[in-house]
Amino acid sequence: MNTRTLDTENKNAVYRKVTRRLIPFLILCYFFAYLDRVNVGFAKLHMQDALNLSDTVYGIGAGIFFIGYFLFEVPSNLLMQRFGPRFWIARIMASWAVLSALTMFVTTPTQFYIVRFLLGIAEAGFFPGIVYYLTLWFPSWRSARTLGLFILVTPLSTIIGSPLSGLILKMFEGVGQLHNWQWLFLVEAIPSFLLAFVVLRYLDNDVKSAKWLSDDEKALIEQDLHKDQLDKVAANAGMPQHSLSAMFRNRFVWLLALIFFSFNIGYYGINFWLPSIIKSSGVQDDFAIGLLAAVPYIFGAACMLWNSRHSDLKQERRWHIAIPAIIGAIGLTFSALNEGSTFWMMAWICVAMSGTLSLIPTYISLPGTLLSGTAAAAGIALVNSIGNLAGFFGPTVLGWLKDTTGSTSSGLYILAGFLVLCAPLIFLIPGRLVNPRDRKKTPAENSVLTKRGHI
């Protein structure tokens, strides 16, 4: 066995160790974050009638979460740099758990809006904070697969959470003095609160503080991160990269934000309304709705893993974003055309989720490729926060159109149109900036490509 092969195997072993240590735990944390964010879709099945909320009111309430999220996401990521990832991630988890539980006490549309807005403020910075945190451990040429493993939690939250939410609604109806939807918010908030204290003991702020890595392992990772930093400087020559002002002056960061906005209009629109769409197709049992809502995410999870791995193996990003976006749009269009048939509507939603979910990890890796230092932390947050504003518009548009037309079909067509827009926009970013294969290869990159191994 030659020296290069031994070196490659050693690097892969180190990164597998880091992956095993960080990714499963971060997946668990984000699982409950995502569950607390979107369980309002299941609560709506009973909460809407209990509080006499219109579809428009529900859509605004579901989406206003992202206004608070937008306003506080960049400040949150900057504060994470100041206080350290371990403390800041724990703070975020504890505060969102409390506010998610408080949703059980709302009785008016105004209260619903306020709690959802505050929940967005509380959770702001968690996802981009984790994305930035992972850039402190993994170089960019390993980023898509790593993020693919982490973002796997998005479909997992629905695959597991949808049947769980349906089961809670079914089991807790009439228990005590609370409605089943109130129990839903309370029960699903408790794990997030408890995990906040685990974060304080388990996570390390960076490679240097990781006692579970040897000095040689730390040196190997830090060397790769240093080489990655030099590659970014070379690839982005002449463009601002490091400071906070550099992030605002980088036109491609704003383009990434626009792409993410277009994508999220389609993704969150269907995400918050899927239980109601399934119910309108004729399914009435809460647990059955939960089981059906999980199915598209199973397909999406499989496609997400394949696409992120294939993107890293080919060292290509743009086509691995554009093609899934088109597939997602086709799925949404045909699901609208088949809204009267539960089987065919669900089949096409599976296609839609396979496309939309599979592009996420590849896309999320891009801001960290364009920027570094403070600019990377702020840029990741800016792209995510502007993109997540779509989480307000998507559900709100669907709610308004549902009240106006009595159907979600026209809304789904609009969501599909925004997904289509992602494809041409991504090609406005030069390949040399986002495709590792188009940048000057470092020895570490070449070893990964030669080995084509797993993280």
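That block above? That's the structure.
Residues numbered from 1 in each chain as written. Predicted model: local features only at pLDDT ≥ 70, side-chain atom pairs only at ≥ 80, totals over all residues. Heavy atoms only, no water.

Caption draft 1: Highlighting the packing of aromatic side chains. A complete count under the given rule lists 22 aromatic pairs for this structure. Here the aromatic rings of Y30 and F127 are separated by 5.5 Å at their centres, their planes lie at 40°, and the arrangement is tilted. Linking Y30 in helix α1 (residues 3-38) with F127 in helix α6 (residues 126-135), this pair joins segments that are 97 residues apart in sequence. No difference in accessibility class separates Y30 from F127, as the two residues are buried. Put simply, the rings of Y30, W96, F126 and F127 pair up and form one aromatic cluster. Geometry around Y58 places K44 over its ring, the cationic atom sitting 5.4 Å from the centre. Seen from the ring of W88, R91 lies directly overhead, with NZ or CZ sitting 4.4 Å from the centre. (Phe/Tyr/Trp six-rings, centres within 6.5 Å; stacked < 30°, edge-to-face > 60°. Helix = DSSP H or I, 4+ residues; strand = E, 2+ residues; numbered from the N terminus. Buried < 20%, exposed > 50% of the residue type's maximum accessible area, 1.4 Å probe, protein only. Lys NZ or Arg CZ within 6 Å of the ring centre and 35° of its normal.)

Caption draft 2: Focus on the packing of helix α4 (residues 85-102) against helix α9 (residues 180-202). Remark: α4 packs on α9, axes separated minimally by 8 Å, with the N-to-C direction vectors making an angle of 165°. Taken together, the axes of α4 and α9 are roughly antiparallel relative to one another. Considering how the two elements wind past one another, α4 and α9 form a crossing that is left-handed. Across the interface between the two elements, R86, F87, I89, A90, M93, A94, W96, A97, V98, S100 and A101 from α4 touch F185, L186, A189, S192, F193, L195, A196, V199 and L200 from α9. Of the residues assigned to the contact of α4 with α9, the class counts are 17 nonpolar, 2 polar and 1 charged. (Axes fitted to C-alpha atoms, helices over the stretch in contact; angles between N-to-C directions. Parallel < 35°, antiparallel > 145°, perpendicular 65-115°, else oblique. Left-handed = near helix turned anticlockwise from the far one by under 90°. Contact = heavy atoms within 4.5 Å. Nonpolar A, V, L, I, M, F, W, Y, C, P; charged D, E, K, R; others polar.)

Caption draft 3: Representation of a nonpolar patch on the surface within the structure. On the surface, L79, F83, F87, V98, L102, F105, I190, F193, L194, F197 and L200 cluster together into a nonpolar patch covering about 1000 Å² of accessible area. Only α3 (55-83), α4 and α9 provide two or more residues apiece to the nonpolar patch. Examining the composition of the nonpolar patch, we find that 5 residues originate from one element, α9, more than from any other. Checked against the element boundaries, F193 lands in helix α9. The exposure class of F193 is partly exposed, given its relative accessible area of 35%. (Patch = residues over 30% accessible without salt bridge, like charges linked within 9 Å, V, L, I, M, F, W, Y side chains within 5 Å. Areas by Shrake-Rupley, 256 points an atom, 1.4 Å probe, with all protein chains shown as cover. Salt bridge = Lys/Arg side-chain N within 4 Å of Asp/Glu carboxyl O.)

Caption draft 4: Region of the structure containing the nonpolar core. Ranked by internal contacts, the top residues of the largest apolar core, which has 131 residues, are F126, W137, F150 and Y363. The biggest single contributor to this core is helix α12 (residues 251-280), with 17 residues. (Core = buried A, V, L, I, M, F, W, Y, C linked by side-chain atoms within 4.5 Å.)

Caption draft 5: Highlighting the side chain of D204. With respect to the helices, strands and loops of the structure, D204 is situated in the loop between α9 and α10 (215-235). We note that D204 is buried and unpaired, the nearest opposite charge coming from R21 at a distance of 4.1 Å. (Lys, Arg positive; Asp, Glu negative; His and termini not counted.)

Caption draft 6: Region of the structure containing the pattern of salt bridges. Considering all chains together, one arrives at 4 salt bridges under this definition. Put simply, D224 and K11 hold a salt bridge, and the shortest N to O gap is 3.1 Å. Of this pair, D224 sits in helix α10 while K11 sits in helix α1, placing them 213 residues apart in sequence. For the residue pair D224 and K11, the accessibility class agrees, reading buried in each case. For the salt bridge of K170 with D285, the shortest nitrogen-to-oxygen distance reads 3.2 Å. Separated by 115 residues along the polypeptide, K170 in helix α8 (residues 153-171) and D285 in the loop between α12 and α13 (286-314) bring together distant segments of the chain. We classify D285 as partly exposed; its relative accessible area is 33%.

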